[in-house]
Amino acid sequence: MTRLVGFKHEDAGAPPSYSEGYQSTRLRAPSKPLIRTPTTLTEVTGPTDGWEGLMGGAMADLTTQHAGMPQGQRIIVSGRVLDEDGRPAPNTVMEIWQANAAGRYIHIDDSWDAPHDPNFTGAGRVITDAQGRYRYVTIRPGCYPWGNHYNAWRPGHIHLSLMGPSFASRLVTQMYFPDDPLIEIDPIANAVPMPYRQRMVSRFDIETTEPNYGLGYLFDVVLRGREATPFEDDHDKDHH
Ligand SMILES: [Fe+2]
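Residues numbered from 1 in each chain as written. Predicted model: local features only at pLDDT ≥ 70, side-chain atom pairs only at ≥ 80, totals over all residues.

Q: Please give an account of the overall build of the chain that cites residues and values.
A: Scanning the chain from terminus to terminus reveals four helices and eleven strands. Here the C-alpha atoms of the chain give a radius of gyration of 18 Å, agreeing with the 18 Å that 2.2 N^0.38 yields for 240 residues. Taken along its principal axes, the extent of the C-alpha atoms in the chain is 45 × 40 × 35 Å. For the chain, the proportion of its 240 residues judged to be buried stands at 29%. (Helix = DSSP H or I, 4+ residues; strand = E, 2+ residues; numbered from the N terminus. Rg over C-alpha atoms; globule rule 2.2 N^0.38 Å. Buried ≥ 20, exposed ≤ 12 C-beta atoms within 10 Å, placed from the backbone.)

Take a look at the structure:
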């Protein structure tokens, strides 16, 4: 009982390995032509009962993982994961990681002078349903400075990893917020050319918003094809 899936990494709008304004790509972008390795059974298969048995159940509410509520604006993020033909991608694991409301990660290497929040870890996980839908609750992440250039600040963003039916079908991207002025001057977001960049920006939605609870944002992820969400390449392993 194995499921075979094919891979294609040349989707429109995918950020290049080297992007002029994004300093760390200068060191890590391949300087020689890539060598294609054949995909074997190990890469194209995965657990036939889905990921839940391996990873545990959903962690769909990042605001209730501790004794108290985290600081910040509570938000609800919802959407669908789709393939290139608009068909839902069910049973897709979406892992979520983000900074707290002050822009601070719980990561040990994050030394930016903003407070940790004892009520916020910043990690979650959801699995899409039969219609490819997901929903999670979190707080809106703050912006943080980084060393790319003088006065560089990342727009607020949520990191996402999507795991399909096989071990090699992991895709990584970032979700931004529609009212954020930092997006247009951010070298990471700008590594993705327009109009593809817009696919990484969520949309405020009053229907997803819940009265007296939290603001709703919609974010659909398209795994590949002409409408694909721009995903980070394999070399993009730092945590910015
Ligand atoms: Fe980040």
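Q: Outline unusual backbone geometry, listing residues and values.
A: Generally, phi is negative for residues other than glycine and the peptide bonds are trans, each holding for most cases. Note that the residue after Met-194, namely Pro-195, is joined by a cis bond; omega there is 5°. Inspection of the secondary structure puts Pro-195 in the loop between α4 (187–190) and β9 (203–204). Of note in this structure, Asn-151 is not a glycine but carries a positive phi near 60°. With respect to the helices and strands, the residue Asn-151 is situated in the loop between β5 (144–145) and β6 (153–154). According to the C-beta neighbour criterion, Asn-151 is exposed, with 7 such atoms within 10 Å. Of note, the phi angle at Asn-212 is positive, near 55°, even though the residue is not glycine. As for its placement among the helices and strands, Asn-212 is situated in the loop between β9 and β10 (215–218).

Q: Quick rundown of the sheet that holds strand β7 (residues 157–163)? Include the residues and the values.
A: Strand order across the open sheet formed by four strands is β3-β2-β7-β8, with antiparallel pairing between neighbours. If you trace the sheet from one side to the other, it starts and ends with β3 (123–127) and β8 (170–176), each paired once. Taking the axes of each pair of neighbouring strands and ignoring which way they run, one obtains an average angle of 20° across the sheet. One ladder, built from seven bridges, connects β7 with β8; its direction is antiparallel. By the bridge assignment, Ser-161 is partnered in β8 with Val-172. (Pairing = 2+ DSSP bridges. Axes fitted to C-alpha atoms, helices over the stretch in contact; angles between N-to-C directions.)

Q: I'd like a rundown of the nonpolar core, residues and numbers included.
A: When a protein is soluble and globular, its nonpolar side chains tend to lie buried together. Counting residues in each nonpolar core, the largest one holds 35 residues, and the members touching the most others are Met-94 and Leu-162. Elements with a minimum of two residues in this core: β1 (74–82), β2 (93–97), β4 (133–139), β7, β8 and α4. When neighbours within four sequence positions are excluded, Leu-162 is seen to be in contact with Val-81, Thr-92, Met-94, Arg-170, Leu-171 and Val-221. (Core = buried A, V, L, I, M, F, W, Y, C linked by C-beta atoms within 7 Å. Contact = placed C-beta atoms within 7 Å.)

Q: Any chance you could break down the pairing of β7 for me, citing the residues and the numbers?
A: Counting buried positions along β7 gives six out of seven residues, so the element sits mostly inside the fold. Two elements, β2 and β7, share five bridges in a ladder whose sense is antiparallel. What sits directly across from Trp-97, in β7, is His-159.

Q: An account of the confidence of the model for the chain is requested, with residue identities and associated values reported.
A: Residue-level pLDDT values for the chain average 88, and 90% of them are 70 or greater. Contacts from residues 1–7, a stretch scored under 50 in pLDDT, to residues over four places away or in other chains number 14 contacts. (pLDDT = per-residue confidence, 0-100.)

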